Amino acid sequence: MFTGIVEELGEVVAVEELGDSSRFRLRGPLVTEGAKHGDSIAVNGVCLTVVETEDGEFTADVMAETLSRSSLGALAPGSRVNLERPMALGGRLGGHLVQGHVDGTGTIVERVPGEHWEIVRIALPDALARYVVEKGSITVDGVSLTVVEAGDEHFTVSLIPTTLDLTTLGIKQAGDPVNLEVDVLAKYVERLLGQRGAKETTA
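Note that the coordinates shown come from a computational prediction; the quantities given were computed from them, not determined experimentally. (Residues numbered from 1 in each chain as written. Predicted model: local features only at pLDDT ≥ 70, side-chain atom pairs only at ≥ 80, totals over all residues. Heavy atoms only, no water.)

Asks: Could you clarify how one ought to interpret the sheet that holds strand β3 (residues 40-43) in this entry?
Replies: Taken together, the six strands give a closed barrel; going around it, the order is β1-β2-β5-β4-β3-β6, and neighbouring strands pair in antiparallel fashion. Direction aside, the axes of adjacent strands within the sheet are offset by 45° on average. Relative to strand β5 (residues 57-63), strand β2 (residues 21-27) is paired through seven bridges, and the arrangement is antiparallel. Each residue of the ladder has a partner; that of R23, found in β5, is D61. (Pairing = 2+ DSSP bridges. Helix = DSSP H or I, 4+ residues; strand = E, 2+ residues; numbered from the N terminus. Axes fitted to C-alpha atoms, helices over the stretch in contact; angles between N-to-C directions.)

Asks: Looking at this model, I keep getting lost on the environment of L128. Mind explaining?
Replies: You can see L128 is positioned in helix α2 (residues 126-129). For L128, a relative accessible area of 7% translates into the label buried. Between the C-alpha atoms of L128 and S144, which are 16 residues apart in sequence, the distance is 16 Å. Setting aside residues up to four positions removed in sequence, L128 forms contacts with D103, G104, L180 and V182. (Buried < 20%, exposed > 50% of the residue type's maximum accessible area, 1.4 Å probe, protein only. Contact = heavy atoms within 4.5 Å.)

Asks: What is the right way to look at the pattern of salt bridges in this model?
Replies: Oppositely charged side chains can form a pair if their charged atoms are brought close together. All told, the structure shown has nine salt bridges when counted by the stated rule. Between K36 and D39 there is a salt bridge; the shortest N-O distance is 3.5 Å. Look at K36 and you get exposed, because its relative accessible area is 51%. A relative accessible area of 23% means that D39 is categorised as partly exposed. The salt bridge involving D141 is made with K172; its shortest N-O contact spans 2.7 Å. In this pair, D141 sits in the loop between β9 (137-140) and β10 (143-150) while K172 sits in the loop between α3 (161-166) and β12 (177-182), placing the two residues 31 residues apart along the sequence. With a relative accessible area of 0%, D141 lands in the buried category. The class for K172 is buried, based on a relative accessible area of 14%. (Salt bridge = Lys/Arg side-chain N within 4 Å of Asp/Glu carboxyl O.)

Structural data, given as structure tokens:
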């Protein structure tokens, strides 16, 4: 489980194509400190399993399902990525509960700079729009954000200087894809209410 508070702005070192999967080598001296085979690290919001670490770098295998559902397939050597280690049991929950299971991708539509912040509008798939609500939480490329405005085809978020400086959201432009993970609590509530409605209908 993650919190959506990015620890380090890392970099893709190499991408090895393995047929229906890929092996990524990424640089992240902070997140690899103490990491070992089998540990988890979130890369742009996608929970990946560490294969090996060496000199501040780690490798991770990315399956076809992950490549098709996320924007990781568009990464290349030199791409910057948001990195976060799992939250330690008893640690501070600085953002919100993030699983690292991307629900789909969105596209940055526009960026509107302000005096001390920036408003970013992001288009999202129809299937995810119902889970996004004003003042609710959403994870964008692994960053825990608060929704400012929620529409049927898009939502907006406000980025503070720290987020702009320390994450990939500060350098992405209109047309760039972003990974989206909606609040898992919304999905559980929908599932439970659906089951309850089905039982009442058959009663």
